[in-house]
Amino acid sequence: MENQLAKSVEERTFQYQDSLPSLPVPSLEESLKKYLESVKPFANEEEYKKTEEIVQKFQNGIGKKLHQKLLERAKGKRNWLEEWWLNVAYLDVRIPSQLNVNFAGPASHFEHYWPPKEGTQLERGSISLWYNLNFWQLLRKEKLPVDKVENIPLDMNQFRMLFSTCKVPGITRDSVVSYFRTESEGSSPSHIAVLCRGRVFVFDVLHEGSLITPPEILRQLTYIYKKCHNEPDGPGIAALTSEERTRWAKAREYLISLDPENLTLLEKIQNSLLVYSIEDGSPHVTPEDYSQLSAMTLTGDPTVRWGDKSYNLISFSNGVFGCNCDHAPYDAMVMVKISYYVDEKIFENEGRWKGSEKVRDIPLPKELVFTVDEKILNDVNQAKAQFLKQASDLQIAVYSFTSFGKKLTKKKRLHPDTFIQLALQLAYYRLHGRPGCCYETAMTRYFYHGRTETVRSCTIEAVRWCQSMQDPSTSLFEQQQKMLQAFAKHNKMMKDCSTGKGFDRHLLGLSLIAKEEGLPVPELFRDPLFSRSGGGGNFVLSTSLIGYLRVQGMVVPMVHNGYGFFYHIREDRFVVACSAWKSCPETDAKKLVQLTFHAFHDMMQLMNIPNL
């Protein structure tokens, strides 16, 4: 009877959290076997033999001991990786995170009811904000449907980090603070922070217990906009968040020492629902070319972004939008979900607010005025200068391939994600004349607090196929067969990684156990092939599928001579975002995208050959 009752009640967003399985520890033998396979494309026979010996020695010796200790750790934790991953991938990193770690992307409203148009920034912004706040309320009430794969619930924990969450810099390690609570857990902050021309304002989004409406939000935004455009610019404290982490931590300590009130103001930004950025720029964008808008979401004005905030919603002067998000608390799928929700609502309502125009007498926004001195102003200028210098080195190309999309690849029984991954391998091979070690994100949300695992897309099967495509003596039939073998291999790896049978996080765990035990770094991790194949975050291709909705995003490359390559898949098109550093003479983001598009055509032609 009780079970039936539970079933009839509506599902709550976080209700399955306690029943999710723990993150498993894969078998050592399996992980090392997969690792050896993954280094093959980057080794000659002699190098491979040497690595094989190192792996064998590791498996029978120190690796075995470390694996035992990892199993012990996993007994006491539902996710043995969670804390380690957060620290190693994000919080211990000292390079400026706003450009190097954050992800960003354009909102797709410009494709339908909101094409670029001057004079629409504030009105559209008030509507966009309102739908974002509706999503916040769905989370607070736990009414957001649970993500599932074939009826299996996925971990929803990362959605708790979308609102009222912020990273705080530390001298050697940052921390993440989240103030979000569901309604059943208690009260949660209900104000947003608005950044405009170096100044910071806050206002509450609830009035007499209900959300303020778009006309009321518009009044608040207009007040801020007019003030900032008729008075001198503010000090731009936000730019400090784009600094090298230790430097920002020291500047923050100094700022607080100037006046304890500064801490109160910093906390007000930290616990705000989100940061709303009013940008003065008007980036060009069309449904075929998102390059400039994407670049400006990633590298725009650092005085109107709080780089440590889990969500900066960015509005541009010509009424187009985007976001910039700290990567530490969550992965891109959280942003994809809310972006799609907002976009659908704007689409359903034809880009207009159809409710009451009445504006209640709500308190005006309050400005947060920091106490600053010459030193802080110098720090801000230095932060701005280093950010803009690095930003100007970034090449970004975001284009739509419109000849076909998911529909046709599925018809040919090809997995569309694998299709793009293999096209990228061929494009890289043609551009650089060698295989490119590649990181593709796999999701591990079947498990408690699961986040990601690495799929190493550059397999020996993929390389053999790329070589066959460059060899005029290879028959079309042989090229087709090699391609299908590469497909099968990639599909199996993706399945393994999603179900807790990947090896990269396992190897990371073993290396961290050694570190914690004060042991020397095992030879496996010092082997040149370890980093040449991408280990230790050295992948030349950093890639991810952003999903099957009209949401795009991007990151910078993992290494100086690499590429960031993010894409989304639709019925009739593929949209690809590629980044590279201009100061690296051998990389070219635009060329890589063009060659990938060529590869799409070549692959489709292979699938069109009659059975020989």
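Fair warning: this is a prediction, and the values are worked out from it, not measured in the lab. Along each chain, residues carry numbers from 1 onward, in the same order as the chain's sequence is written. Only residues with pLDDT of at least 70 get local features here, since the model is predicted, and only at 80 or more are side-chain atom pairs given and counted; chain-wide, interface and lining totals rely on the full set of residues. Only hydrogens and water are set aside when side-chain values are computed; all heavy atoms of the structure are taken into account.

Peer 1: Honestly, helix α21 (residues 589-608) in this entry has me stumped. Any pointers?
Peer 2: Note on helix geometry: an α-helix contains 3.6 residues per turn, so any two residues three or four positions apart are oriented the same way. Runs of E in the DSSP output that reach at least two residues are strands. Runs of H or I that reach at least four are helices, and both are numbered from the N terminus. The span you would expect from a helix comes to 1.5 Å times its residue count less one. Here α21 contains 20 residues, and its C-alpha end-to-end distance of 29 Å stays within 8% of the 28 Å for a straight helix at 1.5 Å per residue. Think of it in three bands: residues with accessible area under 20% of the maximum for their type are buried, residues over 50% are exposed, and the middle band is partly exposed, with areas taken using a 1.4 Å probe on protein chains only. When we look at burial in α21, the residues that qualify are Ala589, Leu592, Val593, Thr596, Phe597, Ala599, Phe600, Met603, Met604, Leu606 and Met607. Any pair of N or O atoms that falls within 3.5 Å is considered a polar contact. Within protein, one atom must be able to donate a hydrogen and the other to accept it, and sequence-neighbouring residues count only if both atoms are side-chain atoms. Looking at where α21 begins, the residue whose side-chain oxygen comes 3.2 Å from the main-chain nitrogen of Lys590 is Asp588.

Peer 1: Looking at this structure, I do not really get the domain arrangement of the chain. What am I missing?
Peer 2: Many authors give the size of an interface as the accessible area that is lost as the parts come together. Bear in mind that the domain bounds are from an automatic or database domain assignment. Domain annotation for the chain reports domain 1 (28-75 + 402-607) and domain 2 (86-144 + 157-392). Contact between two residues is taken to exist if any of their heavy atoms lie within 4.5 Å; hydrogens are not considered. Opposite the 22 residues of domain 1 that make contact, domain 2 presents 35 residues. Interface area, domain 1 with domain 2, both sides summed: about 2100 Å², of which 58% is carbon and sulfur. Among the residues of domain 1 in contact with domain 2, Arg451, Arg550 and Met554 are the three that bury the most area, contributing 33% of the side total. Our count for the contact surface shared by domain 1 and domain 2 stands at 11 residue pairs in polar contact (both at pLDDT 80 or more). Note on residue categories: nonpolar means Ala, Val, Leu, Ile, Met, Phe, Trp, Tyr, Cys or Pro, charged means Asp, Glu, Lys or Arg, and polar means any other residue, Gly included. For the side of domain 1 that touches domain 2, the class distribution of residues is 10 nonpolar, six polar and six charged. Two parts placed together each lose some accessible area; with a 1.4 Å probe, that loss summed over both constitutes the buried area.

Peer 1: What exactly am I supposed to notice about the UniProt feature "active site" (unreviewed entry) in the chain here?
Peer 2: UniProt positions are given in the numbering used here, feature names are shortened, and annotations may be inferred rather than shown by experiment. Residues annotated in UniProt with the feature "active site" (unreviewed entry) correspond here to His327. With respect to the helices and strands, the residue His327 is situated in the loop between β12 (321-325) and α12 (332-348). The class for His327 is buried, based on a relative accessible area of 16%. What His327 contacts, discounting residues up to four positions off in sequence, is Tyr90, Val101, Asn102, Phe103 and Arg451.

Peer 1: What should I look at first to understand the nonpolar core in this one?
Peer 2: The nonpolar side chains of a soluble globular protein tend to be buried with one another. Throughout this description, the term nonpolar core refers to a set of buried Ala, Val, Leu, Ile, Met, Phe, Trp, Tyr and Cys residues connected via side-chain atoms within 4.5 Å. Formed by 85 residues in total, the largest nonpolar core has its most connected members in Phe419, Trp465, Leu507, Leu524, Leu592 and Phe600. With 10 residues, the single largest contributor to this core is α21. Counting the residues that make up this core, at least three belong to each of domain 1 (28-75 + 402-607) and domain 2 (86-144 + 157-392). Beyond its immediate sequence surroundings of up to four residues, Leu524 is in contact with Leu32, Tyr35, Ile54, Val55, Phe58, Leu507 and Phe530.

Peer 1: Sorry if this is basic, but what is going on with helix α2 (residues 28-39) here?
Peer 2: For α2, which comprises 12 residues, the first-to-last C-alpha distance of 17 Å matches the rise-based estimate of 16 Å (1.5 Å per residue) to within 8%. Listed in full, the buried residues belonging to α2 are Leu28, Ser31, Leu32, Lys34, Tyr35, Leu36, Ser38 and Val39.

Peer 1: What's the story with the sheet that holds strand β6 (residues 191-196) in this structure? I'm lost.
Peer 2: Paired through backbone hydrogen bonds, the strands of a sheet run either parallel or antiparallel to each other. By the convention used here, strands pair only if DSSP detects at least 2 bridges between them. With mixed pairing, the seven strands of this open sheet are ordered in space as β1-β12-β11-β10-β6-β7-β13. Each edge of the open sheet carries a strand with a single partner, namely β1 (103-106) and β13 (366-367). Here strand β7 (residues 199-204) runs beside β13; their pairing, made up of two bridges, is antiparallel. Bridge pairing in β13 places Val202 opposite Lys366. Along the sheet, helix α7 (residues 121-140) contacts β6, β10 (275-278), β11 (312-315) and β12; its crossing angle with β10, the most-contacted strand, is approximately 165°. Angular values range over 0 to 180 degrees, each being the angle between N-to-C directions of two axes fitted as lines to C-alpha atoms, with helices fitted over their stretch in contact. Against the sheet, helix α11 (residues 291-299) engages β1, β11 and β12, with an angle of about 145° to β1.

Peer 1: Help me understand the state of the cysteines, please; the structure alone is not making it clear to me.
Peer 2: Each disulfide consists of a covalent bond between the sulfur atoms of two cysteine residues. The criterion for a disulfide is a pair of cysteine sulfur atoms lying within 2.5 Å. Applying the stated criterion across every chain, the model contains zero disulfides. Cysteine Cys438 shares no disulfide, and the gap to the nearest cysteine sulfur, in Cys458, comes to 7.6 Å. Taking relative accessible area as the criterion, Cys438 reaches 1% and is therefore assigned buried. A disulfide-free cysteine, Cys458 has its sulfur positioned 7.3 Å from the sulfur of Cys466, the nearest such atom.

Peer 1: Quick question: what am I supposed to make of the pairing of β10 here?
Peer 2: Regular strands place side chains that alternate from one sheet face to the opposite one. Burial along β10 is two-sided: the face carrying Val275 and Ser277 and the face carrying Tyr276 and Ile278 are both buried. Looking at chain direction, β6 and β10 are connected through four bridges and run parallel. The residue of β10 that forms the bridge with Val194 is Tyr276. Where β10 lies against β11, four bridges are found, and the strand directions are parallel. When the sheet's bridge partners are listed, Tyr276 is paired in β11 with Leu313. With the strands aimed away from the viewer, a crossover counts as right-handed if its path from the first strand over the helix to the second runs clockwise. Regarding the hand of the β-α-β motif, the stretch spanning β10, α11 and β11 is right-handed.

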